[in-house]
Amino acid sequence: LAGYAAVAFFPIFDEVGSHLDTYRVIAHGLGLGVAAFGVVLGSVLLLLQRSSRSHRVLVESGVLLAVSLPIIGIQTVADINRRLDRAPVLSMEATVLEKWTRVTRRRKGGTRTHYHARIQSRGEVLLPPDLEVPTRIYNSLSPGANVGVEIGQGRLGIRYLQSVNGLAWCGSGPFSGC
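Small disclaimer: the values here were computed from a predicted structure and weren't measured.

A.B. asks: Residue-level account of the sheet that holds strand β6 (residues 167-168), with values.
C.D. replies: Pairing is antiparallel in the open sheet, where six strands are placed in the order β3-β2-β1-β4-β5-β6. Across the chains shown, the open sheet's two edge strands, defined by having one partner strand only, are β3 (131-132) and β6. Two strands pair when backbone bridges link them, and strand β1 (residues 90-105) and strand β4 (residues 146-152) are joined in this way by six bridges, in the antiparallel orientation. Bridge pairing links Leu-90 to Ile-151 in β4.

Here's what the structure looks like:
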């Protein structure tokens, strides 16, 4: 579990960021993490109820689970919502109002550039006012231009950006793989 959580920690921000309602993804994921915490810790307690070292193992397991399961829960909800989505895609037109970059400094030196756009939809789905977009999509946008936006319905009913301007949305962070 800890290995999955470690691998999922950084890409989680890319997966969750493509959803139009990130709070629902996080809330459902934390709920899943809390439920899994109870089930796994209860199982450990049942298995070790007669062991003299059960208290020590319970504390170690509890700490490890408390750190890893919220991350695993959020990543699992994002994965299920996007990867198991079989609903038809919503296609709509939108206008790029503006785009900008924000540069942040890292602790150990260096910088990271964040690419943002404000896109106004003309369809039934409202887009967030400040989208952090992948570099490829940012480079394809021009203020005032019309772009096509495809939105996935989501297996769990949480809509997410599938593509903008004909380019697949695959995350905007350093671990996105784009």
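A.B. asks: Can you tell me about the packing of aromatic side chains, naming the residues and giving the values?
C.D. replies: The full count for this structure, using the stated rule, is one aromatic pair. Seen in terms of ring centroids, Tyr-115 and Tyr-138 are 4.8 Å apart; in terms of plane orientation they differ by 50°. Their pairing is tilted. Placement of Tyr-115 in strand β2 (residues 111-121) and of Tyr-138 in helix α5 (residues 135-140) is noted, with a sequence separation of 23 residues between them. Judged by relative accessible area, Tyr-138 falls into the buried class, the value being 11%. The ring of Tyr-138 carries Lys-99 above its face, with NZ or CZ at 4.4 Å from the centroid.

A.B. asks: Give me the lowdown on the pattern of salt bridges, citing residues and values where you can.
C.D. replies: Two side chains that carry opposite charge are able to pair once their charged atoms sit near each other. Here the structure, examined in full by the defined rule, presents three salt bridges. The partner of Glu-60 in a salt bridge is Arg-56, and the shortest N-O contact between them spans 3.4 Å. Here the residue Glu-60 and the residue Arg-56 both occupy positions in helix α4 (residues 54-83), the gap between them amounting to four residues, near one helical turn. Among the residues examined, Glu-60 registers a relative accessible area of 46% and is labelled partly exposed. Arg-56 sits in the exposed class, given a relative accessible area of 55%. Salt-bridge contacts for Arg-118 lead to Glu-98; the nearest nitrogen and oxygen are separated by 2.8 Å. Taken together, the residues span a long stretch of sequence, with Arg-118 in strand β2 and Glu-98 in strand β1 at a distance of 20 residues.

Thresholds, definitions, all that
- Residues numbered from 1 in each chain as written.
- Predicted model: local features only at pLDDT ≥ 70, side-chain atom pairs only at ≥ 80, totals over all residues.
- Heavy atoms only, no water.
- Pairing = 2+ DSSP bridges.
- Helix = DSSP H or I, 4+ residues; strand = E, 2+ residues; numbered from the N terminus.
- Phe/Tyr/Trp six-rings, centres within 6.5 Å; stacked < 30°, edge-to-face > 60°.
- Buried < 20%, exposed > 50% of the residue type's maximum accessible area, 1.4 Å probe, protein only.
- Lys NZ or Arg CZ within 6 Å of the ring centre and 35° of its normal.
- Salt bridge = Lys/Arg side-chain N within 4 Å of Asp/Glu carboxyl O.

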